[in-house]
Amino acid sequence: MLSHKHINSKNSLGSPIATSSNNLSIVDPEIQRIIAHETHREQTTINLIASENYTHPAVLEATGSVLTNKYAEGYPGKRYYAGCESVDKAEQLAIDRCKQLFGAEHANVQPHAGSQANMAAYFALLNPGDTIMGMSLSEGGHLTHGHPVNFSGKFYKVVQYKVDPITEQINYDEVQRLAEQHKPKLIIAGASAYSRHIDFARFAAIAKSVGAFFMADIAHIAGLIAANLHQNPVPYADIVTSTTHKTLRGPRGAFMLSTQPLADSVDRAIMPGSQGGPFMHTIAAKAVAFKLALEPEFTTYQQQVVDNARAMAQTMQELGYRLVAGGTDNHLFMVDLRSKNITGLQAQIALEKAGITVSRSCIPFDPAKPWITSGIRLGTPAITTRGMGTHEAREIAYLIDEVVKKHDNNRQLLAVRQEVENKCALFPIYE
Ligand code: DSN
């Protein structure tokens, strides 16, 4: 990590700012211990949360840099603050690399998070009270795609499409029918719990047929798209939004892509529309992540993520589990636990005790409450980053099965945990 030995000034209380290279342990040992504990947790557990990953040490270094000190409201070359020479360069690099990665005409790399990117997309395209159409959260969509408790469900009229009850996949004919019936001003494609390919070209055709804008939220599959392992929505969509920390393996944050004619509306929707000062340290870290994603190694990594998800999903099926939509085309899949007499919440708790971190997940048309759920969502981006392959993915499926079967036996769960720790020791994340 960076040394802070170069800092040797006085703080506002007149005492010298710490000069040791272990500033955190001196200034705030409690937080330092918490971070150390989290590092240990990450090293010694198997992370199957589909939206998480382990970012590169170079990304961590940029995130922890002095760029966090700088205010830079505005955009490169047009800032409301002086002293933006360095951050202008960092942001321009992030913009150029992001455009190159996805083949986009315009990129805005300032959104603090996926929700802010989606909010800005709506601000750029809509007025309050307009109708939007997105996939419902309980069928795999996202809160910001029109859920009633979210700003998207409060500011706009919402039409939600679900998956087909039989195939558990998007029924494009039904999306077309709903679009014709409700004439939304914006159609949103994208999901946080959907394991099959999304046909963005078809969505765009539906939007065009009813005169709607089309937005793709690629937060989950951005890495796969960057590696050409999933259809890229950029040629079809008016706006594309994404986070940077999931399959893309960057810092926690987001970005927006758009056509050139929408560039000004997108930029103004972020600043001054919905955000103030950009997080320049995070933007620099995004630039690093985009650079890494442009390397050939990144495609190899994404292919392994997909291979691992397939191997784990197949093994779960062989062990008698029903998978939502029958399997996976991407980095994640959902397991329906109803036949195993255990809820998603119970499984999540038992798996955590055994050192396997998952998120419980609604299955389509779930009879259980969203807090309880009937399923779990499993994803392979994080285990793949630490070097695990299809062999380990299959072994993990067996461990999950053991935990599900013995979920009320703490001794057995601790035995699995020992196996998990042994496995993790073979695949260290950080030195
Ligand atoms: N919370 C993210 C996920 O887990 O998919 C979506 O925003």
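This structure is a prediction, so every number in the text was calculated from the model and none was measured. (Residues numbered from 1 in each chain as written. Predicted model: local features only at pLDDT ≥ 70, side-chain atom pairs only at ≥ 80, totals over all residues. Heavy atoms only, no water.)

**As for the pattern of salt bridges**
Logical step 1: Within this structure, the stated rule accounts for 17 salt bridges.
Logical step 2: Between K162 and E139 there is a salt bridge, with its nearest N and O atoms 3.4 Å apart. With a gap of 23 residues between them, K162 in the loop between β6 (157-161) and α7 (172-182) and E139 in the loop between β5 (131-135) and α6 (151-155) connect regions that are remote in the sequence.
Logical step 3: Taking relative accessible area as the criterion, K162 reaches 41% and is therefore assigned partly exposed.
Logical step 4: Of the residues examined, E139 reaches a relative accessible area of 5% and is grouped as buried.
Logical step 5: Taking the shortest distance from any N to any O, the salt bridge between E395 and K423 comes out at 2.6 Å. Residue E395 is located in helix α15 (residues 390-405), and its partner K423 is located in helix α16 (residues 410-425); the two are separated by 28 residues in the primary sequence.
Logical step 6: Accessibility expressed as a relative area gives 28% for E395, which makes it partly exposed. (Salt bridge = Lys/Arg side-chain N within 4 Å of Asp/Glu carboxyl O. Helix = DSSP H or I, 4+ residues; strand = E, 2+ residues; numbered from the N terminus. Buried < 20%, exposed > 50% of the residue type's maximum accessible area, 1.4 Å probe, protein only.)

**Topic: unusual backbone geometry**
Logical step 1: Across the junction of M271 and P272, the peptide omega takes the value 15 degrees, indicating a cis bond.
Logical step 2: Structurally, P272 can be placed in the loop between α10 (263-270) and α11 (280-293).
Logical step 3: Its identity as a non-glycine residue notwithstanding, N341 has a phi of 60 degrees, on the positive side.
Logical step 4: Mapping N341 onto the fold places it in the loop between β12 (332-336) and α13 (344-353).
Logical step 5: On the basis of relative accessible area, N341 is assigned to the exposed category, the value being 71%.

**Examining helix α4 (residues 85-102)**
Logical step 1: A rise of 1.5 Å per residue sets the reference length of α4, with its 18 residues, at 26 Å; its end C-alpha atoms lie 27 Å apart and thus fit the reference within 8%.
Logical step 2: All buried positions along α4 are accounted for by V87, D88, A90, E91, A94, I95, R97, C98, L101 and F102.
Logical step 3: Of the surrounding elements, those touching the buried residues of α4 are β2 (74-75), β3 (78-79), β4 (106-108), α9 (222-226), β10 (254-258) and α11.
Logical step 4: Backbone geometry just after α4 places G103 at a positive phi near 65 degrees. (Expected span 1.5 Å × (residues − 1). Contact = heavy atoms within 4.5 Å.)

**A closer look at the sheet that holds β4**
Logical step 1: Spatial strand order, β4-β10-β9-β8-β7-β5-β6: 7 strands in an open sheet with mixed pairing. Pairing within the sheet leaves two strands with one partner each, and these edge strands are β4 and β6. Shown here is a sheet whose adjacent strand axes are inclined to one another by a mean of 20 degrees, direction ignored. (Pairing = 2+ DSSP bridges. Axes fitted to C-alpha atoms, helices over the stretch in contact; angles between N-to-C directions.)

**Quick notes on the side chain of T55**
Logical step 1: Mapped onto the secondary structure, T55 falls in the loop between β1 (46-47) and α3 (57-63).
Logical step 2: Judged by relative accessible area, which is 13%, T55 ranks as buried.
Logical step 3: In terms of polar contacts, T55 uses its side chain to reach the backbone carbonyl oxygen of G250, at 3.4 Å.
Logical step 4: Dropping the residues within four chain positions of it, T55 is found in contact with L60, R249, G250, P251 and Y430. (Polar contact = N/O pair within 3.5 Å; in protein donor to acceptor, adjacent residues only side chain to side chain.)

**Description of the confidence of the model for the protein chain**
Logical step 1: Scored by pLDDT, the protein chain comes out at a mean of 95, with 95% of its residues at no less than 70.
Logical step 2: Predicted confidence is poor over residues 1-19, with pLDDT under 50, and the contacts of this stretch with residues over four places away or in other chains come to 21 contacts. (pLDDT = per-residue confidence, 0-100.)

**Quick word on the packing of α7 against helix α8 (residues 200-209)**
Logical step 1: Here α7 crosses α8 at 20 degrees, and the two axes come no closer than 9 Å. The angle between α7 and α8 places the two elements in the roughly parallel class. In the crossing of α7 with α8, the sense of the turn from one axis to the other is right-handed. The residues of α8 that touch α7, namely those facing Y172, D173, V175, Q176 and A179, are R202, F203, I206 and S209.
Logical step 2: Class assignment for the residues of the contact of α7 with α8 results in 5 nonpolar, 2 polar and 2 charged. (Parallel < 35°, antiparallel > 145°, perpendicular 65-115°, else oblique. Left-handed = near helix turned anticlockwise from the far one by under 90°. Nonpolar A, V, L, I, M, F, W, Y, C, P; charged D, E, K, R; others polar.)

**Structural notes on a nonpolar patch on the surface**
Logical step 1: Together, L24, I31, I34 and I35 line one region of the surface with nonpolar side chains, adding up to about 340 Å² of accessible area.
Logical step 2: In terms of residues, the nonpolar patch owes the most to one element, helix α2 (residues 29-44), which gives 3 residues.
Logical step 3: The exposure class assigned to I31 is partly exposed, which follows from its relative accessible area of 37%. (Patch = residues over 30% accessible without salt bridge, like charges linked within 9 Å, V, L, I, M, F, W, Y side chains within 5 Å. Areas by Shrake-Rupley, 256 points an atom, 1.4 Å probe, with all protein chains shown as cover.)

**Remarks on the sheet that holds strand β15 (residues 375-379)**
Logical step 1: Ordered in space as β11-β12-β15-β14, the 4 strands form an open sheet in which the pairing is antiparallel. Pairing within the sheet leaves two strands with one partner each, and these edge strands are β11 (322-323) and β14 (359-361).
Logical step 2: Where β11 lies against β12, 2 bridges are found, and the strand directions are antiparallel. Counterpart to L323 in the pairing with β12 is V335.

**A look at the packing of aromatic side chains**
Logical step 1: All chains considered together, the criterion is met by 11 aromatic pairs.
Logical step 2: Taking the centre distance of 5.4 Å and the plane angle of 35 degrees together, the rings of F102 and F255 count as tilted. On the criterion of sequence distance, the pair formed by F102 in helix α4 and F255 in strand β10 is long-range, its members being 153 residues apart. Residues F102 and F255 agree in their burial class; the two are buried. (Phe/Tyr/Trp six-rings, centres within 6.5 Å; stacked < 30°, edge-to-face > 60°.)

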